[in-house]
Amino acid sequence: MPYTTITPAEAKPVANYKMATRMEGGRLLYIAGQVARDTEGNVLGKGDIRTQARQVFQNLRHVLQAAGGDLSDLLKITTYITRIEDFPAVAEIRSSIFPGELPASTLIVVKSLAQPELLIEVEGMAVLG
Amino acid sequence: MDRRDILADNPVEKRRGYMPGVSVSPGRILFTAGMTGRQPDGTIVPGGMAAQTQRTMERLQAILQHAGVNFSQVIKQLLYITDMEAHAAHGRAVRAAFFGEARPASTALGVRRLADPAMLIEIELVVDLPDNPAGQPLLEKYNVEDHGLDFYQGVIVNGGRLIYLAGQVANTHDGTVAGVDDWRRQAEQVYANIGHVLRAAGTTPASAVKETTWVLDIASWRQHGTAVRRAFYQGDYPASTLVEIQGLARPEFLVEIEVIAAVAR
């Protein structure tokens, strides 16, 4: 993988993510914020954070695979949720989907996403070898 | 250049005016600050969402023109919106007119407030630039307006290695949160952590190209965080965005700062 994980001795992450990544070569991929829509555009799991989170990470993976990569190529992700009480479920599903440590990561609770029924959105950058 | 639009097996994004993913061979990359409907005198353009979106896009256009490109080279756009319904009704079409057929990867967020309470929308861009970076300085930081504020409106990375930091919070090395209810202490710890990460990555604060500051209260951040931020960057600012949001990963966190930096190859 054409990136290096930065591990500062003096500062540690709060959870199972990388503190920073440095791209060493390859192509840079920016991924749009992914939401819990199916291929027809319908929002899945209205009011159900677990269903939405699973769909979002599946969609994220589909974009990476369409570009010739996978989750392990992510440099950074940002997870936006609308209700802080959903975070434990999101963290659990996210940890079960990533093969080991998460990329560099940020978690933000926003007022809303593009449509009221959306509970989670995840965007990311990846490096393709 | 050498841009590739990534279409997953999902036609929805195309209709909605964005791409699921865009990849480039990163020779030269431009990061813009978050732009708003701010006018030269510091006030926000009157006329609501449509007028603010128009002004925001014109200012971004000037930043792109300075770098010799237009909206068709945008890889990613991030929209911060205080009123999502007003944007759907009055802002989206204004934006679309600037993009034409171009489709960047996009994220749209509803946020509580922006730097000025009158701001309804803020937009930042990541842009793929043509030409070979060889022989050019690693970073070109520039303004297209004489705004007098603590950031650059555009930062170009010429052939560097990009460093993506996780959002930095006021976490200490023993895992406790520094400065519960204390904005100043949290600002100091967050910037100390950013400094540690940049050093470990082989670089310094001057190499920061983009900063996003997420806070629970903009007024408190201005009062207590600004001095800490100035001391950290010492005038060599990145392009930046300041946003007020509802919450962070732990209830004690008042601020989280994301930084993208670059080092020479």
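Small disclaimer: the values here were computed from a predicted structure and weren't measured.

Participant: Hey, could you go over the packing of aromatic side chains for me, with residue numbers and the actual values?
Facilitator: Scanning the entire structure with this criterion turns up 10 aromatic pairs over all chains. An aromatic cluster is defined as three or more aromatic residues linked by ring pairs; in this entry it consists of Tyr191(B), Phe232(B), Tyr233(B) and Tyr237(B).

Participant: Outline the pattern of salt bridges, supporting the account with residue identities and numerical values.
Facilitator: Any two side chains of opposite charge can pair, so long as their charged atoms come close to each other. Counted according to the given criterion, the structure contains 18 salt bridges over all chains. With a closest N to O distance of 2.8 Å, Arg22(A) and Glu24(A) form a salt bridge. For Glu24(A), a relative accessible area of 28% puts it in the partly exposed group. The shortest N-O distance in the salt bridge between Glu258(B) and Lys76(A) comes to 2.1 Å. Here Lys76(A) lies in strand 4 (residues 74-81) and Glu258(B) lies in strand 14 (residues 255-263), a pairing that spans two chains. The same class applies to Glu258(B) as to Lys76(A), namely buried. Taken together, the salt bridges that share partners define one network made up of Arg22(A), Glu24(A) and Arg161(B).

Participant: How would you summarise the interface of chain A and chain B if you had to cite specific residues and measurements?
Facilitator: The interface of chain A with chain B comprises 54 residues on the first partner and 66 residues on the second. Taking both partners together, chain A and chain B bury about 4,700 Å²; carbon and sulfur atoms supply 57% of that area. Considering only the side of chain A, the residues that lose the most area to chain B are Arg27(A), Tyr30(A) and Lys111(A), jointly responsible for 17% of the buried surface there. At the junction of chain A and chain B, the tally comes to four salt bridges. Residue Arg27(A) is joined to Asp2(B) by a salt bridge in which the shortest nitrogen-to-oxygen separation is 2.6 Å. At the junction of chain A with chain B, the criterion picks out 24 residue pairs in polar contact (both at pLDDT 80 or more). Going through the elements one at a time, strand 2 (20-23), strand 3 (27-34), helix 1 (49-66), strand 4, strand 5 (104-109) and strand 6 (120-128) of chain A are the ones with two or more residues in the side of chain A that touches chain B. The biggest single contributor to the side of chain A that touches chain B is strand 3 of chain A, with eight residues. In terms of residue class, the side of chain A that touches chain B is made up of 30 nonpolar, 11 polar and 13 charged.

Each value, and the rule that gives it
- Residues numbered from 1 in each chain as written.
- Chains lettered and ligands numbered in written order.
- Predicted model: local features only at pLDDT ≥ 70, side-chain atom pairs only at ≥ 80, totals over all residues.
- Heavy atoms only, no water.
- Phe/Tyr/Trp six-rings, centres within 6.5 Å; stacked < 30°, edge-to-face > 60°.
- Salt bridge = Lys/Arg side-chain N within 4 Å of Asp/Glu carboxyl O.
- Buried < 20%, exposed > 50% of the residue type's maximum accessible area, 1.4 Å probe, protein only.
- Helix = DSSP H or I, 4+ residues; strand = E, 2+ residues; numbered from the N terminus.
- Contact = heavy atoms within 4.5 Å.
- Buried area = accessible area lost by both parts, 1.4 Å probe.
- Polar contact = N/O pair within 3.5 Å; in protein donor to acceptor, adjacent residues only side chain to side chain.
- Nonpolar A, V, L, I, M, F, W, Y, C, P; charged D, E, K, R; others polar.

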